[in-house]
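The chain contents come next:
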Amino acid sequence: MTPDSPPRPHRVVVLALDGLLPFELGIAQRIFGLARDEQKRPLYEVVTCSVRPPGPVETDADFAILVENGPEALATADTVVVPASYELGPVYEDGVLTGELAAALELIRPGTRLVAICTGGFVLAAAGYLDGRPATTHWSSAEHFQRLFPQIRVDADVLFVDDGDVLTSAGVAAGIDLCVHIVRRDHGTAVANDVARRTVVPPHRDGGQAQYIERPVPDPQQSSTTGARAWALGRLGEPIQLRDMAAQESMSVRTFTRRFREEVGVSPGQWLTRQRVERARHLLESTALSVDQVAQDSGFGTAQSMRQHLQAALGVTPTGYRRTFRAELSTACGE
């Protein structure tokens with residue numbers, strides 16, 4: 001590659017297994033395929049492969065798909081994505097890879113990023129990639145997942161788990177959340193938000209799987225907490241008390257907190273911190289505001305408080321985050 005040539009797109013290889021869900025197979029192609037740099041050049045190249053030579057792969061629908069790449073494509077991947085399948089056989093039942101699947105996974109180069117959507121996590125777990133790590137899967141399979149792989153720290157409450165080079169998501173649409181998160185991690189909020197807008201999905205969903213687990217339908221006369229969330233989002237830079245949010249819905253603090261957790265899946269305080277972290281990320285990436293001013297505008301009050309929250313949520317300091325996504329501002333904005 002010459003100094004003037006464009007950078008090579010990050011290569012994502014999606015492993016299509018028999019019994020796959022067509023919706024989940026298409027997530028990586030759709031999300032990564034839309035990501036573009038400022039010159040509108042693709043940031044990712046997405047390739048689909050099978051564990052067998054090129055040919056048809058059965059789905060859980062009334063059609064098969066023709067996959068034109070065999071397992072050798074895995075050896076070329078920067079990221080491997082394993083979508084869900086309803087026909088994992090011994091992988092799902094006993095936590096054991098088939099010989100065919102084991103041979104395919106052996107082609108993956110060390111250091112390749114691994115991503116599982118829904119029950120695709122069983123494949124990574126059976127291969128040993130999740131040993132000693134946190135992970136998630138569809139809430140309906142979480143208990144079985146934990147029994148089968150006790151060495152994994154299963155979190156059934158979250159939409160996805162980012163453990164650096166290995167990432168897992170909850171079921172179905174949570175794969176979209178994970179892939180948008182990866183785009184954000186790789187290229188920043190602006191690119192991820194553009195992908196989300198073009199896909200007509202939220203760039204970040206609140207809460208976890210708890211809000212999707214079957215539960216009694218609430219009384220239609222009961223109020224929701226939507227108005228309070230909108231009210232809070234409009235004033236993130238101001239002090240916001242729980243009682244103030246509850247007052248927006250004319251509820252007691254206790255009732256509001258319970259209703260909020262039922263609807264969103266996390267407490268109001270956890271939700272508010274996440275919104276402020278997202279606000280800080282956006283300001284660090286897109287403005288030249290000082291770290292102190294970003295802390296004020298995102299509601300953390302002080303740079304020290306924001307530093308602690310970003311370190312806990314992202315594993316980096318504000319200056320480190322800005323240096324990654326706004327290198328041209330890093331010399332002008334001190335921490």
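If you're wondering where the values come from, they're calculated on a predicted model, not measured in any experiment.

Parameters at a glance
Along each chain, residues carry numbers from 1 onward, in the same order as the chain's sequence is written. Per-residue local features of the predicted model are confined to residues with pLDDT of at least 70, and side-chain atom pairs are confined, for both listing and counting, to 80 or more; whole-chain, interface and lining totals are unaffected and use all residues. Hydrogens and water molecules were not included; the side-chain quantities draw on all heavy atoms of the structure. Every helix listed is a DSSP run of H or I at least four residues long, and every strand listed is a run of E at least two residues long, numbered separately from the N terminus. Partly exposed describes any residue whose relative accessible area lies between the buried limit of under 20% and the exposed limit of over 50%, with all areas from a 1.4 Å probe on protein chains only and scaled to the type maximum. Any pair of N or O atoms that falls within 3.5 Å is considered a polar contact. Within protein, one atom must be able to donate a hydrogen and the other to accept it, and sequence-neighbouring residues count only if both atoms are side-chain atoms. In what follows, residue pairs with any heavy atoms lying within 4.5 Å of each other are defined as contacts. Confidence of the predictor at the level of single residues is given by pLDDT, which spans 0 to 100. A pair of strands is considered paired only if DSSP assigns at least 2 bridges between the two. Place the viewer so that the strands point away; then a crossover is right-handed whenever the path from the first strand over the helix to the second strand goes clockwise. Geometry is summarised by axes, namely lines fitted to C-alpha atoms with helices restricted to the contacting stretch, and by angles between N-to-C directions that run from 0 to 180 degrees. Joining through side-chain atoms within 4.5 Å is the link that ties buried Ala, Val, Leu, Ile, Met, Phe, Trp, Tyr and Cys residues into a set, and such a set is a nonpolar core.

1. Some words on the side chain of Arg 133
- As for its position among the elements, Arg 133 is in the loop between α4 (120–126) and β7 (134–135).
- Note on Arg 133: relative accessible area 19%, which makes it buried.
- A distance of 2.7 Å separates the side chain of Arg 133 from the side chain of Asp 163, its partner in a polar contact.
- Once residues within four sequence positions are removed from consideration, Arg 133 is found in contact with Gln 151, Ile 152, Arg 153, Asp 163, Asp 165 and Val 166.

2. A closer look at the environment of Ala 142
- Structurally, the position occupied by Ala 142 is in helix α5 (residues 142–148).
- Accessibility expressed as a relative area gives 6% for Ala 142, which makes it buried.
- Placed 28 residues apart in sequence, Ala 142 and Ala 170 show a C-alpha to C-alpha distance of 9.1 Å.

3. Quick word on the confidence of the model for the protein
- Residues with a pLDDT of 70 or more make up 89% of the protein, whose mean pLDDT is 88.
- Every residue in residues 213–221 scores below 50 in pLDDT, and together they form three contacts with partners more than four places removed in sequence or on other chains.

4. Quick notes on the environment of Val 166
- In this fold, Val 166 is placed in strand β10 (residues 166–169).
- When the C-alpha atoms of Val 166 and Gly 111 are compared, they prove to be 9.9 Å apart, with 55 residues separating the residues in sequence.
- Contacts of Val 166, omitting those with residues within four sequence positions, involve Leu 114, Leu 124, Tyr 129, Leu 130, Arg 133 and Val 161.

5. As for the pairing of strand β1 (residues 10–15)
- With five of six residues buried, β1 lies mostly within the body of the structure.
- Across six bridges, β1 lies against strand β2 (residues 44–49) in parallel orientation. The residue of β2 that forms the bridge with Val 12 is Val 46.
- Each parallel crossover has a hand, and the one from β1 via helix α1 (residues 22–34) to β2 is right-handed.
- Pairing between β1 and strand β5 (residues 79–82): three bridges, direction parallel. Residue pairing across strands places Val 13 opposite Val 80, the latter belonging to β5.

6. What to know about the sheet that holds β1
- One open sheet accounts for six strands, arranged β2-β1-β5-β6-β10-β9; its pairing is mixed. Edge strands, defined here as strands with exactly one partner in the open sheet, are β2 and β9 (160–162). Across the sheet, the axes of successive neighbouring strands diverge by a mean angle of 15 degrees, strand direction being ignored.
- As judged from the four bridges shared by β5 and strand β6 (residues 113–116), these two strands associate in the parallel manner. Its bridge partner being in β6, Val 81 is matched across the sheet by Val 115.

7. Focus on the nonpolar core
- Ranked by size, the top nonpolar core spans 33 residues in total, and within it Ile 31, Phe 32, Val 81 and Val 183 carry the most contacts.
- Going through the elements one at a time, β1, α1, β2, β4 (64–67), α6 (174–187) and α7 (189–199) are the ones with two or more residues in this core.
- Aside from chain neighbours lying at most four places away, what touches Val 81 is Val 12, Val 13, Val 14, Leu 15, Ala 28, Phe 32, Val 115 and Ile 117.
- Within the second largest apolar cluster, 30 residues are counted, among which are Leu 17, Ala 73, Ala 77 and Val 123.

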